[in-house]
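Listed below, chain by chain, are the residues.
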Amino acid sequence: MSTENLSQSPEQPPRKPRVAVVFGGRSSEHGISVVTAGAVLKAIDRSQYDVLPIGITADGRWALTADDPERMAITDRRTPSVDQLAESTEGGVVLPVDPASREVVYSEPGSVPKALGEVDVVFPVLHGPYGEDGTLQGLLELSGVPYVGSGVLASAVGQDKEYMKRVFTSFGLKVGPYVVIRPREWQRDESAARKKIVDFAGEHGWPLFVKPARAGSSIGITKVDDLSGLDEAIAEAQRHDPKILVEAALRGREIECGVLEFEDGPRASVPAEIPPPDAHAYYDFEAKYIDSTPGIVPAPLTEEETAEVRRLAVEAFEAASCEGLVRADFFLTEDGDFVINEINTMPGFTPISMYPQMWQATGIGYPELVDRLVQAALRRSTGLR
């Protein structure tokens, strides 16, 4: 147990590291973040760590919440929210802005602020913008509080699918054909922006996948089979992000691989395969989280293919300067090439999510996985590294 950063007096034994599990947030992935937090809270070893759950509401308020994992599950096909768990509709949690102090404060209107004690590490299980994209990581860097997962740059790169692909290409990793429509292009000349997509379809063929450039959990993605569905798909993507990404469909198998930071560096898990879901056009949000479409773990690959995808997953982790954990998603094309689709710097982390399942098959169960991530964060300092 790493306790070198923990304050203690000569008369008292070292206290347990205090982990703030931060979840919810302002993105469209709010509900899945709450589900993930419930799984982490349930699995974290309370004999080794003190735990402080902090939820961020959909409008951005930091709330003190109930430590009640059972209320943080999908029920009747609906995801939970921080508002359902918050102990107050007005109170707010404030992190320190002074790196010399890690004291967390809770305040309510008309009341004296209450100190909640020091936090030694933050486990930010937020998905999407305002949490997974480097914004929260920047706040924690300013506060001097260690945290689980990638830093500011890697988190931002991992969130923005355009720049992620640019980074991967610069490191020699294969990516599929894509085109980006930025907000200014759309605002300046809608017809020219739409023509850019139509020309792309003319070059690469239908179907296309129209996506928010900076979202996850397959939210806002539409598979477009022909020109008639394009405008609706663009509008759906822009509901989540004014910048959109259009990708050509790749013919091949969907293969995922987990990367975890160990004391001696990152290692890859056994890979998994995502078979085409029977009741869905592709592996969308409902297939992932509501209907829990099962993946195949380990993926039925040859030894050579398994070794190659594991190597490429670690290479992607290093290319984006990631830390802690990553799920790397690939297509194994009909030509036998692995084409990287994307990485997730804070992947779905419920026990049924593919990242924990891949590590379970590799020999690291869910509670140990949580512990390893917290310990990796405790070993790192904030700041340039």
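Everything numeric in this text was worked out from a predicted model, so none of it was measured.

**Q** Give me the lowdown on unusual backbone geometry, citing residues and values where you can.
**A** The residue after Trp206, namely Pro207, is reached through a cis peptide bond having omega 0 degrees. With respect to the secondary-structure elements, Pro207 resides in the loop between α6 (190-204) and β9 (208-212). The phi angle at Arg77 is positive, at roughly 65 degrees, despite the residue not being glycine. Note on placement: Arg77 falls in the loop between β3 (62-64) and β4 (92-94). Positive phi outside glycine occurs at Tyr130, with the angle close to 65 degrees. Relative to the helices and strands, Tyr130 is located in the loop between β7 (121-124) and α2 (135-143).

**Q** How would you sum up the sheet that holds β4? Please name residues and give values.
**A** Whether parallel or antiparallel, the strands of a sheet pair through hydrogen bonds between backbone atoms. If you trace the 3 strands from one edge of the open sheet to the other, you get β4-β5-β6, paired in antiparallel fashion. This sheet does not close on itself; its edge strands, each paired only once, are β4 and β6 (114-118). Going from strand to strand, the sheet's axes swing by 25 degrees on average, the running direction of each strand aside. Bridge count for strand β5 (residues 103-107) against β6 is 4 bridges, and the pairing is antiparallel. Note on β6: the bridge partner recorded for Tyr106 is Lys114.

**Q** So what's going on with the pattern of salt bridges? Which residues, and what values?
**A** Scanning the entire structure with this criterion turns up 31 salt bridges. With its nearest N and O atoms 2.7 Å apart, the salt bridge here joins Lys243 to Glu162. In this pair, Lys243 is assigned in the loop between α7 (230-240) and β11 (244-248) and Glu162 in helix α4 (residues 161-170), connecting sequence segments 81 residues apart. Judged on exposure class, the residue Lys243 and its partner Glu162 are both buried. A salt bridge links Arg194 to Asp231; the shortest N-O distance between them is 2.7 Å. Residue Arg194 is located in helix α6, and its partner Asp231 is located in helix α7; the two are separated by 37 residues in the primary sequence. Classification of Arg194 by relative accessible area gives partly exposed; the value is 23%. Within the structure, one salt-bridge network assembled from shared partners comprises Glu141, Glu261, Glu323, Arg380 and Arg385.

**Q** Tell me what's going on with the sheet that holds strand β2 (residues 50-56), and back it up with residues and numbers.
**A** Taken in spatial order, the 4 strands line up as β3-β2-β1-β7 in an open sheet, and their pairing is mixed. Sheet topology places β3 and β7 at the edges, where each strand pairs with a single neighbour. Ignoring strand direction, the axes of neighbouring strands in this sheet form an average angle of 30 degrees. With respect to the sheet, helix α11 (residues 366-379) is in contact with β1 (18-24) and β7, its orientation differing from that of β7 by roughly 130 degrees.

**Q** Break down the environment of Ile340 for me, with residues and values.
**A** Here Ile340 is to be found in strand β16 (residues 338-344). Taking the relative accessible area as the measure of exposure, Ile340 reaches 2% and is therefore buried. Taking the C-alpha atoms as reference points, Ile340 and Lys174, 166 residues apart in sequence, are found 6.1 Å from one another.

**Q** Please set out helix α1 (residues 30-43) residue by residue, giving values where relevant.
**A** For α1, built from 14 residues, the straight-helix expectation of 20 Å at 1.5 Å per residue is met to within 8% by its first-to-last C-alpha distance of 20 Å. In terms of burial, α1 is a largely internal element, 13 of the 14 residues being buried.

**Q** I'd like a description of the nonpolar core, backed by residues and values.
**A** Among the nonpolar cores identified, the biggest contains 35 residues, and Val21, Phe23, Phe123 and Phe349 are the most heavily contacted of them. The greatest single-element share of this core, amounting to 7 residues, is contributed by α11. Membership of the second largest hydrophobic core comes to 27 residues, among which are Ile255, Ala299, Leu301 and Ile340.

**Q** Give me helix α9 (residues 303-319): which residues, what numbers.
**A** When the terminal C-alpha atoms of α9 are compared, their 24 Å separation across 17 residues agrees well with the 24 Å that a helix rising 1.5 Å per residue should span. Among the residues of α9, Thr306, Val309, Leu312, Ala313, Ala316, Phe317 and Ala319 are the ones counted as buried. Relative to the axis of α9, the buried residues are bounded by an arc of 165 degrees and lie together on one face. With respect to the buried face of α9, the exposed residues turned more than 90 degrees away are Glu303 and Glu304.

**Q** Summarise the side chain of Arg61; cite the residues concerned and give the values.
**A** Examined against the element boundaries, Arg61 turns out to sit in the loop between β2 and β3. Although Arg61 lies buried, it forms no salt bridge, and the closest oppositely charged side chain, Asp83, sits 4.2 Å away as judged by the N-O distance. In this structure the side chain of Arg61 is engaged in a polar contact, spanning 3.2 Å, whose partner is the backbone oxygen of Ser88. Within the structure, Arg61 has its side chain in polar contact with the backbone oxygen of Gly91 (distance 2.6 Å). When sequence neighbours within four positions are dropped, the list of residues in contact with Arg61 reads Gly55, Ile56, Asp83, Ala86, Ser88, Thr89, Glu90 and Gly91.

**Q** Run through the pairing of strand β13 (residues 265-268), naming residues and quoting values.
**A** When a strand is regular, its side chains alternate between the sheet's two faces. Relative to β13, strand β12 (residues 252-262) runs antiparallel, the two sharing 4 bridges. Counterpart to Val259 in the pairing with β13 is Ala268.

**Q** Can you break down the confidence of the model for the chain residue by residue, with the values?
**A** On average, residues of the chain score 90 in pLDDT, and 92% of them are at 70 or above. Taken together, the stretch residues 1-5 has pLDDT below 50 and engages in 10 contacts with residues farther than four places along the chain or on a different chain.

**Q** How would you summarise the environment of Arg194 if you had to cite specific residues and measurements?
**A** In the structure, Arg194 is positioned 92 residues away from Arg102 in sequence and 50 Å away in space, judged by C-alpha atoms. Setting aside anything within four residues of it in sequence, one finds Arg194 in contact with Trp186, Leu230 and Asp231.

**Q** Pulling in residues and values, what's your account of the packing of aromatic side chains?
**A** Inspection of every chain in the model, using the stated rule, returns 5 aromatic pairs. Consider the rings of Phe330 and Phe338, whose centres lie 6.2 Å apart with planes at 80 degrees: the pair is edge-to-face. The burial state of Phe330 is the same as that of Phe338; both residues are buried. In this structure, Arg267 packs its charged tip against the face of Phe262, placed 4.0 Å from the ring centre.

What counts as what
Residues numbered from 1 in each chain as written. Predicted model: local features only at pLDDT ≥ 70, side-chain atom pairs only at ≥ 80, totals over all residues. Heavy atoms only, no water. Helix = DSSP H or I, 4+ residues; strand = E, 2+ residues; numbered from the N terminus. Pairing = 2+ DSSP bridges. Axes fitted to C-alpha atoms, helices over the stretch in contact; angles between N-to-C directions. Salt bridge = Lys/Arg side-chain N within 4 Å of Asp/Glu carboxyl O. Buried < 20%, exposed > 50% of the residue type's maximum accessible area, 1.4 Å probe, protein only. Contact = heavy atoms within 4.5 Å. Expected span 1.5 Å × (residues − 1). Core = buried A, V, L, I, M, F, W, Y, C linked by side-chain atoms within 4.5 Å. Arc of directions from axis to C-beta. Lys, Arg positive; Asp, Glu negative; His and termini not counted. Polar contact = N/O pair within 3.5 Å; in protein donor to acceptor, adjacent residues only side chain to side chain. pLDDT = per-residue confidence, 0-100. Phe/Tyr/Trp six-rings, centres within 6.5 Å; stacked < 30°, edge-to-face > 60°. Lys NZ or Arg CZ within 6 Å of the ring centre and 35° of its normal.

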